[in-house]
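Fold and contact review
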Amino acid sequence: MSTLKGAYHWYNWVEEVLKNKDRFVMPPKMSIPQDSGNYYHIMPAMYEDENIVTVKMIGRHFLKENEKRPTMMADMLLYEADTGILKALMDAEYITTLRTGVVAAHSAIKFVKKDFDTLGLIGLGNIMTVFFITFINKLRDGNDNRKLVVKLYKHHQSARSSFC
């Protein structure tokens, strides 16, 4: 699936879940802060229509000296809801990136000023890339082909010369 077609599907998935949010059991996420500023977030959810329960855990952990890895990491457990049997352990970094970027695009589309001509983006990493692709494709899908001014603002060390 191309990224452009993907953006269309991603947006529709978010729209569908938001319209049917009453069919999901999603308790508030739990957070475990650490003195260093690092943290864990634990997010359980259940969708009985598909007989699944998930637990996603994301964490931010600053790099130690000479360490090379992402500072944000995520894992997800997938269970069969009626038996409690573990069905999968997944790396959830990609799905977290997609969900965050697409939900931001969804919110921006729903609440944007009608005649806007400037788009400001804070952070230039993978999440903002997903946001931008989804946002622009949703505009184009609605035959909105206006020219936009895009202002990019660096957040931490997220700016990449290949994106700018």
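Numbers given to residues run from 1 along each chain, matching the order in which its sequence is written. Totals for whole chains, interfaces and linings use all residues, but because this is a predicted model, local features are given only for residues with pLDDT of at least 70 and pairs of side-chain atoms are given and counted only at 80 or more. To obtain the side-chain values, all non-hydrogen atoms of the structure were used and water was disregarded.

Glancing now at the overall build of the protein chain. The secondary structure content of the protein chain amounts to 3 helices and 7 strands. Starting at the N terminus, helices and strands are each numbered in turn, a helix being any DSSP run of H or I of at least four residues and a strand any DSSP run of E of at least two. Moving toward the C terminus, one meets the helices and strands of the protein chain in the order α-β-β-β-β-β-α-β-α-β. Considering only C-alpha atoms, the protein chain reaches an extent of 50 × 45 × 30 Å along its principal axes. Residue contacts are counted whenever heavy atoms from the two residues lie within 4.5 Å of one another. The long-range fraction of contacts in the protein chain, counting pairs at least 24 apart against all pairs at least 6 apart in sequence, stands at 45%. Accessible surface, the protein chain: about 11,500 Å² in total, of which carbon and sulfur atoms supply 57%. For the purpose of counting charges, residues Lys and Arg are taken to be positive, whereas Asp and Glu are taken to be negative. His and the chain ends are not included. Just so you know, the charge point we use is NZ for Lys, CZ for Arg, CG for Asp and CD for Glu. In the protein chain, the 22 positive side-chain charges and the 18 negative ones have mean positions that sit 9 Å from each other. Each accessible area is a Shrake-Rupley result for a 1.4 Å probe, and residues are judged covered by the shown protein chains and nothing else.

This next bit is on the nonpolar core. For our purposes a nonpolar core is just a set of buried Ala, Val, Leu, Ile, Met, Phe, Trp, Tyr and Cys residues, chained together by side-chain atoms within 4.5 Å. Summary of the burial criterion: residues with accessible area below 20% of their type's maximum are buried, those above 50% are exposed, and those between are partly exposed, where the area comes from a 1.4 Å probe applied to protein chains only. Residues Ala105, Phe116, Leu119, Leu121, Met128, Phe131, Phe135, Ile136 and Leu139 constitute the largest nonpolar core, which totals 9 residues. Where this core is concerned, the elements lending two or more residues are β6 (118-122) and α3 (126-141). A total of 5 residues in this core trace back to one element, the largest contributor, which is α3. Once you skip the residues sitting within four places of it in the chain, phenylalanine 116 turns out to touch Phe135, Leu139, Arg146 and Leu148. Grouped together as the second largest cluster of nonpolar side chains are 6 residues, Ala7, Val14, Leu98 and Val130 included.

With that out of the way, let us pick up helix α2 (residues 93-111). Expected helix span is taken as 1.5 Å per residue step, with the number of steps being one fewer than the number of residues. The end-to-end C-alpha distance of α2 is 27 Å, a good match for the 27 Å that 19 residues give at a rise of 1.5 Å each. Those residues of α2 that fall on the buried side of the exposure criterion are Thr96, Thr97, Leu98, Gly101, Val102, Ala105 and His106.

The next thing to look at is the sheet that holds strand β5 (residues 86-91). The 5 strands lie next to each other as β1-β2-β3-β4-β5, forming an open sheet whose pairing is antiparallel. The outermost strands of the open sheet, each flanked by one partner alone, are β1 (30-33) and β5. Looking at each pair of strands side by side, their axes are set apart by 15 degrees on average, direction ignored. Two strands pair if DSSP finds at least two bridges between them. Judged from the 4 bridges that link them, β1 and strand β2 (residues 39-47) form a sheet pairing that is antiparallel. Of the residues in β2, the one forming a bridge with serine 31 is histidine 41. Interaxial angle, 0 to 180 degrees, is taken between N-to-C directions of lines fitted to C-alpha atoms, where a helix line uses only the stretch in contact. Set on the sheet, α2 makes contact with β3 (52-60), β4 (72-80) and β5; between it and β4 the angle comes to about 100 degrees.

In this structure, β3 lies alongside β4, joined through 9 bridges in antiparallel fashion. For threonine 54, the partnering residue across the bridge sits in β4 and is leucine 78. Judged from the 5 bridges that link them, β4 and β5 form a sheet pairing that is antiparallel. For leucine 78, the partnering residue across the bridge sits in β5 and is alanine 88. Where β4 hands over to β5, the hairpin turn is made up of 5 residues, of which glycine 84 adopts a positive phi near 80 degrees.

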